[in-house]
Amino acid sequence: MDMRTSFLCVTYVILLTGSACGLQITSTGQTSIEKASGESVKLDCQFTLASDDSGPLDIEWSLQPSDNQKEEKVVIVYSGDRAFEHYYDPLKGRVHFNSPDPKNGDASMNIMGLKATDTGTYQCKIKKVPGIASRKYLLTVMVRPSKPKCNAEGQTYVGKNMVLKCSSVEGTQPMEYIWERTSGNKLLPPFAILDKVTGTMTLKNATGDASGTYRCQAKNRVGTEECVVEVTVTQPPNTAGIIAGVIICILLLLILLALILFCCCRARHKKKYEKEIAYEIREDVPPPKSRVSTARSFTSVGSQRSSLGSMSPSNLHEYSKPQYDKIPSEEYDRPPSHAPIPPPSRMAGPNLSRMGAIPVMIPAQNKDGSIV
């Protein structure tokens, strides 16, 4: 092989495999990989060496920036027969070589516990002077849909519009929502309108046949989650009857309050009237006499009684019944033991007869002072 042929060979191999004659990366397969968060991935990088590759072996995995103005980040390195796996802090402890001895031809890299932030373009570069080879992988870490939340909004009455909603908080786009019925004939109502992007299903002019159990599935390329909602379509309530019942209750309450107020006012006027009557009666009662005046009245009564024997019948009209119709004083209301006893007359009956006195019957008085 002349020099010109060797040059063409090197140029052709470099253009196809990215390496010179001798060192070659033999891995095949897709260079675009999609994985779900939490999973692991192996970025394959198998290689072969030529006899003329006599320099030291260097293997380097790097994360290519999306912006060309930024520098690439070294993730892991094998150099001088040693592996260095702590170059990139976001992947520290989660990245390592697939083989304990990469110089044997396996420079593959494993990433554990993938995160959405691990998405990017990774490059495997192998050098062994004079050979150089590289291979790139586009890794996309997708987040599974979180468990969606299903609910029904709107009035669940016959003839009304109702909306069933399904939404996942987390999940890498593109995400799709699929509604299906799990009860009855398992067919969606003919008047249902689906929106797979927003996850809503509108039931227009719902009927009783729309009642049942519905399931929503939220899915993307790496996972599926679902939720269930129960729908019950009923007849609308009798609004007119409810309003009439409320009005009747309010009227009854007002009537009851009026009766209570009327009874309270009547009882108050009655109590006030009784107080006024009692006050008028007390004003008609004469004030009680003092003890001195009472004693004097008994003394005068005794003297009058003693002088009755000398009175003629013509004088008896002065002591007629009207004098005894007066209201007795409070002293006459006392028990006999407390009433003053008039002094006995010193003249006996025979002596009064000799003196020309005429016997007269004196009205007797009971204990309370009234005439018998």
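Residues numbered from 1 in each chain as written. Predicted model: local features only at pLDDT ≥ 70, side-chain atom pairs only at ≥ 80, totals over all residues. Heavy atoms only, no water.

Chemist: Teacher, can you tell me more about the state of the cysteines here?
Modeler: Linking two cysteines covalently through their sulfur atoms gives a disulfide. Counted by the stated rule, this structure contains three disulfides. Each sulfur in the disulfide pair Cys 45 and Cys 124 lies 2.2 Å from the other. Handedness here is read from the sign of the S-S torsion; for Cys 45 and Cys 124, about -75 degrees, the answer is left-handed. Here Cys 124 lies in strand 10 (residues 120-128) and Cys 45 lies in the loop between strand 3 (41-43) and strand 4 (47-48), a separation of 79 residues in the sequence. Exposure remark for Cys 124: the relative accessible area of 0% places this residue in the buried category. (Disulfide = S-S within 2.5 Å. Helix = DSSP H or I, 4+ residues; strand = E, 2+ residues; numbered from the N terminus. Buried < 20%, exposed > 50% of the residue type's maximum accessible area, 1.4 Å probe, protein only.)

Chemist: Help me understand the sheet that holds strand 3, please; the structure alone is not making it clear to me.
Modeler: Within a sheet, each strand pairs with its neighbour through backbone hydrogen bonds, oriented either parallel or antiparallel. Judged by pairing direction, the sheet is antiparallel, and its three strands sit side by side in the order 3-9-8 without closing on themselves. Only two strands of the sheet have a single partner each, and these edge strands are strand 3 and strand 8 (95-97). Taking the axes of each pair of neighbouring strands and ignoring which way they run, one obtains an average angle of 25 degrees across the sheet. Two strands pair when backbone bridges link them, and strand 8 and strand 9 (residues 109-111) are joined in this way by three bridges, in the antiparallel orientation. Along strand 9, the bridge assignment pairs Val 95 with Ile 111. (Pairing = 2+ DSSP bridges. Axes fitted to C-alpha atoms, helices over the stretch in contact; angles between N-to-C directions.)

Chemist: Honestly, the sheet that holds strand 5 (residues 57-64) in this entry has me stumped. Any pointers?
Modeler: Here six strands make up an open sheet; going across it, the order is 2-11-10-5-6-7 and the pairing mixed. The outermost strands of the open sheet, each flanked by one partner alone, are strand 2 (32-36) and strand 7 (82-84). On average, each strand axis in the sheet is tilted by 20 degrees relative to the strand beside it, whichever way the strands run. In this structure, strand 5 lies alongside strand 6 (residues 73-79), joined through six bridges in antiparallel fashion. Paired with Asp 58 across the two strands is Ser 79, which belongs to strand 6.

Chemist: Would you take a moment to explain the pattern of salt bridges for this structure?
Modeler: Two side chains carrying opposite charge are able to pair once their charged atoms lie near each other. Counted by the stated rule, this structure contains eight salt bridges. Among the ionic pairs, Glu 39 bridges to Arg 144, the shortest N-O distance being 3.3 Å. Taken together, the positions of Glu 39 in the loop between strand 2 and strand 3 and Arg 144 in the loop between strand 11 (131-142) and strand 12 (149-154) put the pair 105 residues apart, joining distant regions of the chain. Between Asp 89 and Lys 92 there is a salt bridge; the shortest N-O distance is 3.1 Å. We classify Asp 89 as exposed; its relative accessible area is 56%. (Salt bridge = Lys/Arg side-chain N within 4 Å of Asp/Glu carboxyl O.)

Chemist: Looking at this model, I keep getting lost on the nonpolar core. Mind explaining?
Modeler: Here is a general trend for soluble globular proteins: nonpolar side chains tend to be buried in one another's company. If you look at the biggest cluster of nonpolar residues, it comprises 29 residues, and the most contacted ones within it are Trp 61, Val 75, Met 109, Ile 111, Tyr 122 and Ile 126. Breaking this core down by element, the ones donating at least two residues are strand 3, strand 5, strand 6, strand 8, strand 9, strand 10 and strand 11. By size, the runner-up hydrophobic cluster in this structure holds 18 residues, among which are Met 162, Cys 166, Met 201 and Val 231. (Core = buried A, V, L, I, M, F, W, Y, C linked by side-chain atoms within 4.5 Å.)

Chemist: I tried to follow the environment of Ile 193 on my own but got confused; where do I start?
Modeler: Checked against the element boundaries, Ile 193 lands in strand 15 (residues 192-195). A sequence separation of 30 residues divides Ile 193 from Val 163, and the C-alpha atoms of the two residues are 9.4 Å apart. Other than its neighbours up to four places away in sequence, Ile 193 contacts Thr 200, Met 201, Thr 202 and Lys 204. (Contact = heavy atoms within 4.5 Å.)

Chemist: Looking at this structure, I do not really get the side chain of Thr 213. What am I missing?
Modeler: Mapped onto the secondary structure, Thr 213 falls in strand 17 (residues 212-220). Taking relative accessible area as the criterion, Thr 213 reaches 17% and is therefore assigned buried. Sequence-distant contacts of Thr 213, defined by excluding residues within four places in its chain, comprise Glu 180, Arg 181, Thr 182, Ser 183, Val 228, Val 229 and Glu 230.

Chemist: Help me understand the pairing of strand 10, please; the structure alone is not making it clear to me.
Modeler: Within a regular strand, the side chains alternate between the two sheet faces. Taken together, the eight bridges between strand 5 and strand 10 define a ladder with antiparallel strand orientation. Looking at strand 10, one finds that Leu 57 is bridged to Lys 128. In the sheet, strand 10 pairs with strand 11 via nine bridges, with the strands oriented antiparallel. Note that in strand 11 the partner of Gln 123 across the bridge is Lys 136.

Chemist: Would you explain the packing of aromatic side chains in this entry?
Modeler: In this description, a pair of aromatic rings is defined by centroid distance and the angle of the planes. Summed over all chains, the structure comprises two aromatic pairs. With 6.3 Å between their ring centres and 85 degrees between their planes, Tyr 78 and Phe 97 make a pair best called edge-to-face. Of the two residues, Tyr 78 sits in strand 6 while Phe 97 sits in strand 8, which places them 19 residues apart along the sequence. The same class applies to Tyr 78 as to Phe 97, namely buried. (Phe/Tyr/Trp six-rings, centres within 6.5 Å; stacked < 30°, edge-to-face > 60°.)

Chemist: Is there a simple way to think about a nonpolar patch on the surface in this case?
Modeler: Together, Ile 242, Ile 243, Val 246, Ile 247, Ile 250, Leu 251, Leu 253, Leu 254, Leu 256, Leu 257 and Ile 260 make up an exposed nonpolar region whose accessible area comes to about 1,000 Å². Relative to the helices and strands, Leu 254 resides in helix 2 (residues 239-284). (Patch = residues over 30% accessible without salt bridge, like charges linked within 9 Å, V, L, I, M, F, W, Y side chains within 5 Å. Areas by Shrake-Rupley, 256 points an atom, 1.4 Å probe, with all protein chains shown as cover.)

Chemist: Whenever I open this one, unusual backbone geometry confuses me. Can you help?
Modeler: When glycine is set aside, most residues are seen to have a negative phi, and most peptide bonds are trans. Along the chain, Val 129 connects to Pro 130 via a cis peptide bond; the corresponding omega equals 10 degrees. Note that Pro 130 resides in the loop between strand 10 and strand 11. Geometrically, the link from Gln 173 to Pro 174 is a cis peptide bond, its omega value of 0 degrees lying close to zero. One can find Pro 174 in the loop between strand 13 (162-167) and strand 14 (176-181). Within the chain, Asp 81 stands out as a residue other than glycine whose phi angle is a positive 65 degrees. Among the secondary structure elements, Asp 81 is positioned in the loop between strand 6 and strand 7. Using a relative accessible area of 55% as the deciding quantity, one classes Asp 81 as exposed. The backbone of Asn 205 sits at a positive phi, close to 50 degrees, despite the residue not being glycine. By relative accessible area, which is 52% here, Asn 205 ends up exposed.

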